[in-house]
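Each chain, letter by letter, is given below.
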Amino acid sequence: MIPDPATLKFSHKLLTPEKANLPALVVGVFKGLKKPEGVLASIAKQTGAPVQELITSGEIRGVFKEFTTIPLGKGSPFRTMLVMGMGPKKSFNNDVLRSIMARAVRILRKIGRPRVAIVPSDFPGDVSHTVEALTEGTLLGLYKFAKYLDPDASPSRRPLNEVIFLHGDRKSLKAAKVASQKGEVMGWATNQARNLGNEPGNYCVPQTLAAEAKRLGKKHGLTVKVFEKKQLEKMGMGGILAVGSAGKNPPVLIAARYQGGRKGAPLIALVGKGITFDAGGVSIKSYKGMHTMKYDMCGAAAVLGALDAIAGLKLPVNILALIPSAENLLDSQGYKPGDLIQIYDGKRVEIIDTDAEGRLLLADALSYAVAQNASLLVDAATLTGGVIRAIGHVGSGIMGNNQWAIDLMIKAGKHYAEKMWQFPLWPEFNVHLKSTVATIANCHGSPVASTPTAAKFLQHFVNKTPWVHLDIAGTASTEEDSTLYYHKPYLPKRGATGVGVRTIAHFVELISEECGSDKKKLVQLLDDNMIEEWQ
């Protein structure tokens, strides 16, 4: 039931739908239609399908995600025509395409149609964008984490093997091929991030993330280093070591480099929080919902997925991906409230709450990235419950010290319908981080302004390097959130979403389009847009 790159393929044919000979065709209609149009009209005329009657009777209404399956007779170019509702025309965008395609391929898989055709030019907008969105929708919609399920527990279904895009001219076919390849890169990378997030906490440990980074290294020719406990001690990675001190599996810092840009190009550092299970340490969490703390490494999954996509697209950039990873458990060897630890850059931190652990790992990794002369820092983390209290599960929180980079990340997210809301980083939040025994406290022990306060803590470790922080605690996974699933049926009803993979990759792509390998240009853009008064 999980799409398999070995069997699922996307192909392009120079062929009109009237001359096809395929199992199924997907067409889309807008809400309020009075008569068939486009491909729907031509197939109805050719086959005698009662499309007008179905519209008149209200069977076909064009309501978002509603569908009508129309069997076609012998001699027809398709056995089945699936009519998908796309909602109001004024609300149409690429995410509607992802959504209807995700639903369509699941329906067709259920009724045993192994190959499906679609005509990209039948939809409004640029054909390339249409094809990319339909490809993503297919891959994301077919995803299900069934690795550990009893094979007999799921109904046997004939897999969907091929999506065929039908084109009327060679120019659009050529552009569509490139677009579908990009959609595949983004879709597979997102699904792999979902796989990592869905693994149980006793299966996905810090060494599992290291193995995934090494796999990507072999796949794309990356340079991958895994710093283990003894090396972390020599380096002074006090945050990672403290958080992982009670874990059965030792902590690691994973560093993967992609050199797609020329020598001297700017270095963009991507940092992902990799807590493979978070019990809260001595400041233990409530048992309610603790099983979902296996998703506390979804920031790491997002960064690894984004790295996979960036390398797969061969973007002309230089990337340093950092994954600080540990298990935040508790035993007599673990760190405690009141302890003092020293971060990689030498700052000392007083521990107020061991459940504010993610920021300690990130502090080490961010300060390491600064020492590596990164021109821009991006981190993704399931960092605070406060972001869920503020904006629910609809979007991620975004913060940072550079407005150009923040705006560009929001733009990248909009392209993939991954919403973000910017929190302020007012200097007054520093009051919550004051310590009488150290440079800074790791939190203030109160839920008040917890999301920007956590980001404010991180800001002390990026110094003046341009930086964007994504708090994905509310979007990294779903737990039967019907509202979110209704609007985005390509998301799982339950499990890791892969949020951030496509957005971060596209963010890097936008930078490469704007600046190429010109470090001076990027640095100037960033310098001109630093947010004043961060202390």
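Residues numbered from 1 in each chain as written. Predicted model: local features only at pLDDT ≥ 70, side-chain atom pairs only at ≥ 80, totals over all residues. Heavy atoms only, no water.

Our next topic: the packing of aromatic side chains. Inspection of every chain in the model, using the stated rule, returns eight aromatic pairs. Geometrically, the ring pair formed by Y148 and Y203 is edge-to-face, given 5.0 Å between the ring centres and 80° between the ring planes. Linking Y148 in the loop between α4 (127-142) and β6 (162-167) with Y203 in the loop between α5 (170-198) and α6 (206-220), this pair joins segments that are 55 residues apart in sequence. Taking the relative accessible area as the measure of exposure, Y148 reaches 39% and is therefore partly exposed. Overall, the relative accessible area of 46% leaves Y203 in the partly exposed class. An aromatic cluster is built from F145, Y148 and Y203, whose rings are joined through pairwise contacts. (Phe/Tyr/Trp six-rings, centres within 6.5 Å; stacked < 30°, edge-to-face > 60°. Helix = DSSP H or I, 4+ residues; strand = E, 2+ residues; numbered from the N terminus. Buried < 20%, exposed > 50% of the residue type's maximum accessible area, 1.4 Å probe, protein only.)

Now for empty space enclosed by the protein. Counted according to the given criterion, the structure contains six cavities of 30 Å³ or more. By volume, the largest cavity is sized at about 150 Å³. Together, 16 residues line the largest cavity, and E418, T475, K488, L491 and V499 are the ones closest to its centre. Residue composition of the lining of the largest cavity, grouped by class: six nonpolar, six polar and four charged. (1 Å grid on protein atoms, 1.4 Å probe; cavity = no way out; pocket = protein on both sides within 12 Å on 5 of 7 lines; lining within 4 Å. Points joined across faces, edges and corners; volume = space filled by probe spheres on them. Nonpolar A, V, L, I, M, F, W, Y, C, P; charged D, E, K, R; others polar.)

Here we take up the pairing of strand β9 (residues 267-272). The buried fraction of β9 amounts to six of the six residues, a majority that puts the element mostly inside the structure. Covered by surrounding structure in β9 are L267, A269 and V271 together with I268, L270 and G272, the residues of both alternating faces. In this structure, β9 lies alongside strand β11 (residues 318-328), joined through five bridges in parallel fashion. Within β11, the residue paired with I268 across the bridge is I319. Summarising the sheet, β9 and strand β14 (residues 376-381) pair through five bridges and their orientation is parallel. The residue bridging V271 from the neighbouring strand is D379, located in β14. (Pairing = 2+ DSSP bridges.)

Let's shift gears to unusual backbone geometry. The phi dihedral of N373 is positive, around 65°, even though this residue is not glycine. For N373, a relative accessible area of 59% corresponds to the exposed category. Positive phi is not limited to glycine here, since A417 has a value of about 60°. As for its position among the elements, A417 is in the loop between α12 (403-415) and β16 (420-422).

Once that is clear, we can look at the sheet that holds strand β1 (residues 9-14). The strand order β1-β6-β5-β2-β4-β3 describes an open sheet built from six strands, whose pairing is mixed. Single-partner strands in this sheet number two, and they are β1 and β3 (67-71). Each neighbouring strand pair of the sheet contributes to a mean axis angle of 25°, computed without reference to strand direction. Judged from the four bridges that link them, strand β5 (residues 115-118) and β6 form a sheet pairing that is parallel. Bridged to R115 within β6 is E162. Sheet strands touched by α5: β1 and β6. Its angle to β1, the strand with the most contacts, is close to 175°. (Axes fitted to C-alpha atoms, helices over the stretch in contact; angles between N-to-C directions. Contact = heavy atoms within 4.5 Å.)

For helix α13 (residues 450-459), a buried count of 10 out of 10 residues is recorded, marking the element as mostly surrounded by other parts of the structure. Where α13 is concerned, the buried positions are S450, T451, P452, T453, A454, A455, K456, F457, L458 and Q459.

For α4, built from 16 residues, the straight-helix expectation of 22 Å at 1.5 Å per residue is met to within 8% by its first-to-last C-alpha distance of 23 Å. Here α4 lies mainly inside the structure; 14 of its 16 residues are buried. Between the side-chain oxygen at the start of α4 and the backbone nitrogen of S128 there is a gap of 3.0 Å, and the oxygen is on D126. (Expected span 1.5 Å × (residues − 1). Polar contact = N/O pair within 3.5 Å; in protein donor to acceptor, adjacent residues only side chain to side chain.)

As a further point, take the nonpolar core. In this structure, L209, I310, I319, L470 and F507 are the most contacted members of the largest nonpolar core, which totals 62 residues. The element contributing the most residues to this core is helix α9 (residues 298-312), with 10 residues. Every residue in contact with L209, bar those within four places of it in the chain, is listed here: L196, C204, I254, G274, T276, M297, A300, L304, I323 and S325. (Core = buried A, V, L, I, M, F, W, Y, C linked by side-chain atoms within 4.5 Å.)

In this section: the pairing of β6. In terms of burial, β6 is a largely internal element, six of the six residues being buried. Neither face of β6 is left uncovered, since the one carrying E162, I164 and L166 and the one carrying V163, F165 and H167 both have all their residues buried. Here β1 pairs with β6 via six bridges, running parallel. In the strand pairing of β6, K13 is matched with L166.

Turning our eyes to something else, we now look at the pattern of salt bridges. For side chains of opposite charge, pairing can occur when their charged atoms come near one another. Enumeration according to the criterion identifies 17 salt bridges in this entry. Note that R61 is salt-bridged to E66, the shortest N-O span being 2.3 Å. Linking R502 and E418 is a salt bridge whose minimum nitrogen-to-oxygen distance equals 3.6 Å. Taken together, the residues R502 in helix α15 (residues 501-515) and E418 in the loop between α12 and β16 connect sequence positions 84 residues apart. (Salt bridge = Lys/Arg side-chain N within 4 Å of Asp/Glu carboxyl O.)

Moving on, we get to the packing of α4 against α5. The contact between α4 and α5 brings their axes to 7 Å, and the two run at 30°. One way to sum up the angle between α4 and α5 is to call them roughly parallel. As α4 runs across α5, the sense of the crossing is right-handed. Counted by class, the contact of α4 with α5 contains nine nonpolar, eight polar and five charged residues. (Parallel < 35°, antiparallel > 145°, perpendicular 65-115°, else oblique. Left-handed = near helix turned anticlockwise from the far one by under 90°.)

The next subject is the confidence of the model for the protein. Mean pLDDT over the protein: 95, with 97% of residues reaching 70 or higher. Mean pLDDT per element in the protein: helix α14 (residues 482-487) is the minimum at 70, and β14 is the maximum at 99. (pLDDT = per-residue confidence, 0-100.)

Here the focus is the environment of L108. Tracing the backbone shows L108 in helix α3 (residues 94-110). Classification of L108 as buried rests on a relative accessible area of 0%. A C-alpha to C-alpha distance of 45 Å links L108 and L267, two positions 159 residues apart in sequence.

Turning next to the side chain of D379. Here D379 shows up in strand β14. Despite its burial, D379 pairs with no opposite charge; the closest candidate is K273, at 9.5 Å N-O. Engagement of the side chain of D379 in a polar contact is seen with the side chain of W467, the distance being 2.8 Å. (Lys, Arg positive; Asp, Glu negative; His and termini not counted.)

Interhelical geometry of α12 versus α15 gives an angle of 120° and a closest axis separation of 8 Å. Judged on the interaxial angle alone, α15 and α12 are oblique. As for how α12 packs across α15, the hand of that crossing is right-handed. Of the residues in α15, those touching α12 at W404, A405, L408, M409, K411, A412, G413 and H415 are T503, H506, F507, L510, I511 and E514. Class assignment of the residues belonging to the contact of α12 with α15 gives a composition of eight nonpolar, four polar and two charged.

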